[in-house]
Amino acid sequence: MKLIILAAGEGKRLRPYTNNLPKCMVKLKEQSLLSRQLSSISKCDIPSENIALVGGYQAECLQEFNLKTYQNPNYASTNMVSTLFCANNFMDPNEDLIISYGDIVYEENVLRTLIDSSAEVAVVADQKWERLWSLRMTNPLDDAETFVLKDNFLIAELGNKAESLSQIQAQYIGLIKVRADKINQLKSLYNQIDKSLKFNGQDFENMYMTSFIQILIDSGWEVRAALIKNGWLEVDTVEDLESYEKISKEILDSYCCL
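The structure reproduced in this document is the subject of the present report. Only a predicted model underlies this, so the values are computations on that prediction, with no experimental measurement involved. (Residues numbered from 1 in each chain as written. Predicted model: local features only at pLDDT ≥ 70, side-chain atom pairs only at ≥ 80, totals over all residues. Heavy atoms only, no water.)

Across its full length, the protein carries 8 helices and 13 strands. In summary, the protein has a C-alpha radius of gyration of 17 Å against a globular reference of 18 Å for 258 residues, a match within 12%. Principal axes of the C-alpha set define a box for the protein whose edges measure 45 × 45 × 35 Å. Of all 258 residues assigned to the protein, the portion counted as buried reaches 55%. In the protein, the share of contacts with a sequence separation of at least 24, taken over all contacts with a separation of at least 6, comes to 72%. Of the roughly 11,400 Å² that the protein leaves accessible, carbon and sulfur atoms contribute 43%. Separation of charge centres in the protein, based on 26 positive and 36 negative side chains, amounts to 1 Å. (Helix = DSSP H or I, 4+ residues; strand = E, 2+ residues; numbered from the N terminus. Rg over C-alpha atoms; globule rule 2.2 N^0.38 Å. Buried < 20%, exposed > 50% of the residue type's maximum accessible area, 1.4 Å probe, protein only. Contact = heavy atoms within 4.5 Å. Areas by Shrake-Rupley, 256 points an atom, 1.4 Å probe, with all protein chains shown as cover. Lys, Arg positive; Asp, Glu negative; His and termini not counted. Charge placed at Lys NZ, Arg CZ, Asp CG, Glu CD.)

Relative to the helices and strands, K198 is located in the loop between helix 5 (183–192) and helix 6 (209–218). Residues K198 and S211, spaced 13 residues apart in sequence, show a C-alpha to C-alpha distance of 10.0 Å.

With respect to the helices, strands and loops of the structure, V81 is situated in helix 2 (residues 80–84). Look at V81 and you get buried, because its relative accessible area is 1%. Linking V81 and T210, residues 129 residues apart in sequence, is a C-alpha distance of 9.2 Å. Contacts of V81, omitting those with residues within four sequence positions, involve Y190, M207, Y208, M209 and F212.

So, about the packing of helix 1 (residues 33–43) against helix 3 (residues 108–115). Relative to each other, helix 1 and helix 3 sit at 55°, their axes nearing to 9 Å. The angle between helix 1 and helix 3 falls in the class oblique. Regarding helix 1 and helix 3, the two cross each other, and that crossing is right-handed. Across the interface between the two elements, S40, I41 and K43 from helix 1 touch E108, L111 and R112 from helix 3. When the residues that make up the contact of helix 1 with helix 3 are grouped by side-chain class, the tally is 2 nonpolar, 1 polar and 3 charged. (Axes fitted to C-alpha atoms, helices over the stretch in contact; angles between N-to-C directions. Parallel < 35°, antiparallel > 145°, perpendicular 65-115°, else oblique. Left-handed = near helix turned anticlockwise from the far one by under 90°. Nonpolar A, V, L, I, M, F, W, Y, C, P; charged D, E, K, R; others polar.)

In space, the 7 strands of this open sheet follow the order 5-4-1-6-11-8-12, with mixed pairing throughout. Looking at the sheet topology across the chains shown, the edges are occupied by strand 5 (68–71) and strand 12 (223–228). Averaged over all adjacent pairs, the angle separating strand axes in this sheet is 25°, with direction ignored. Where strand 8 (residues 121–126) and strand 12 come together, 6 bridges link them in parallel fashion. Bridge pairing in strand 12 places A125 opposite L227. (Pairing = 2+ DSSP bridges.)

Attention now goes to the side chain of S117. Residue placement: S117 occurs in the loop between helix 3 and strand 8. When its relative accessible area of 17% is taken as the criterion, S117 is described as buried. Setting aside anything within four residues of it in sequence, one finds S117 in contact with A122 and K177.

Now for the packing of aromatic side chains. For the coordinates displayed, the defined rule picks out 9 aromatic pairs. Measuring from ring centre to ring centre gives 6.2 Å for Y70 and F90, while their planes differ by 65°; the resulting arrangement is edge-to-face. You can see Y70 sitting in strand 5 and its partner F90 sitting in the loop between helix 2 and strand 6 (97–101), a full 20 residues away along the chain. Overall, Y70 belongs to the buried group, its relative accessible area being 15%. For F90, a relative accessible area of 5% puts it in the buried group. Among the aromatic side chains, those forming a connected cluster through ring pairs are F85, Y190, F204 and F212. One Lys or Arg, K195, reaches over the ring of F204 and ends 4.8 Å from the middle of that ring. (Phe/Tyr/Trp six-rings, centres within 6.5 Å; stacked < 30°, edge-to-face > 60°. Lys NZ or Arg CZ within 6 Å of the ring centre and 35° of its normal.)

Printed below as a string of structure tokens:
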């Protein structure tokens, strides 16, 4: 099992907390997001030599973790998928690959749910997402994206603007696993994408991860939901961080046990 954490973003919506730190180094309840992720990863027996960080903004701050580190030199003008493939050489066709956003934290059991999936591609999705979104914002539909399932938890659609709650059967959290035997095909598919196209309004370099997952789905891959019920947090904005900080640890633990 290998694991890549995408930690290149500037975190503009988290300023001033990210004035001198990458987004993953912002502290939640006195511990950085990255430290919290690494704690859960360690509990799942993934050794440190099998973990890589892809840095960009303030990347020198990541050196303290003594992990394999790759750089996205174009972090300011690219998005998650481009960042992921900066670690192309770390992807091993003999090892399952977990991909994690750097601005989330999650409980050990969330990661274990993903690890236990045998799908070609497994995508962690929160069925109780509305509870967390209601803590973060007044109207969950302002931010939530579509997530539509077919039979056997196969994903039909994700990542589009939702018009109603009926289009959101769960919410993608930014945690994915690609099975070892699909790694080489993943690389090939990425390299074969027509770079002149737009993807949910974004150019190739700024493609969202959900757009890339949708390409896999539309290409006939078995992309299956690994469903959870809370157990994670996203820290995307100052409002997110301050909403978590102002409530007691005990209440916050009911969303995600830190």
